[in-house]
Amino acid sequence: MRHFVRLLAIAFLLFLVGCASPKVVVKDVLGNPIPEVLIYSVSLSIDVGPAKTDARGEARVPSNIQGTHWVDVSKPGYSSVRVEVPSSWPLTITLEEL
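Residues numbered from 1 in each chain as written. Predicted model: local features only at pLDDT ≥ 70, side-chain atom pairs only at ≥ 80, totals over all residues. Heavy atoms only, no water.

**Section: the overall build of the chain**
Across its full length, the chain carries one helix and seven strands. Scanning the chain from its N terminus toward the C terminus, one meets helices and strands in the order α-β-β-β-β-β-β-β. Counting only residues that meet the buried cut, the chain has 24% of its 98 residues in that class. Summarising the internal contacts of the chain: among those between residues at least 6 apart in sequence, 43% fall at separations of at least 24. Carbon together with sulfur atoms contributes 60% to the accessible area of the chain, which is approximately 6,600 Å² in total. (Helix = DSSP H or I, 4+ residues; strand = E, 2+ residues; numbered from the N terminus. Buried < 20%, exposed > 50% of the residue type's maximum accessible area, 1.4 Å probe, protein only. Contact = heavy atoms within 4.5 Å. Areas by Shrake-Rupley, 256 points an atom, 1.4 Å probe, with all protein chains shown as cover.)

Encoded structure:
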């Protein structure tokens, strides 16, 4: 029984890790984090979001029932960017001031 509970706990932890949404890190051209950037998950027919970056320039990509094909990143005063979903996370995006 003890072995079963341990296996169940490990399976649950793996499930939680698999469900965690991917992370985006947004920086300026000098490498400084940019807070309050809007992050959207974009599929073929819907956009989900926004999520906002924190003081470290980090945010989780909103969950999209159709799957995320692109990540849209925007903030007033900066160039907007649409990036294809990468093969590995976190995704680091650099924005230029306008």
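**Thoughts on the sheet that holds strand E3 (residues 47-52)**
Hydrogen bonds between backbone groups are what pair the strands of a sheet, and the pairing can be parallel or antiparallel. A sheet is described by the order of its strands in space; here four strands give the open sequence E3-E2-E5-E6, paired in antiparallel fashion. Whereas interior strands pair on both sides, the edge strands pair on one side only; in this sheet they are E3 and strand E6 (81-84). If you compare each strand with its neighbour and ignore which way they point, the axes differ by 20° on average. Two strands pair when backbone bridges link them, and strand E5 (residues 70-74) and E6 are joined in this way by four bridges, in the antiparallel orientation. Bridge assignment links Trp70 to a residue of E6, and that residue is Glu84. (Pairing = 2+ DSSP bridges. Axes fitted to C-alpha atoms, helices over the stretch in contact; angles between N-to-C directions.)

**Quick word on the side chain of Asp72**
Note that Asp72 resides in strand E5. Using a relative accessible area of 18% as the deciding quantity, one classes Asp72 as buried. For Asp72, the side chain forms a polar contact with the side chain of Arg82, separated by 3.0 Å. Residues within four places of Asp72 in sequence aside, it is in contact with Leu38, Ile39, Tyr40, Val42, Val81 and Arg82. (Polar contact = N/O pair within 3.5 Å; in protein donor to acceptor, adjacent residues only side chain to side chain.)

**So, the sheet that holds strand E1 (residues 23-28)**
Within the open sheet, the three strands sit side by side as E4-E1-E7. Their pairing is mixed. Only two strands of the sheet have a single neighbouring strand rather than two, namely strand E4 (58-60) and strand E7 (91-95). Here the average twist between neighbouring strands, direction ignored, is 25°. Pairing geometry for E1 and E7, over five bridges, is parallel.

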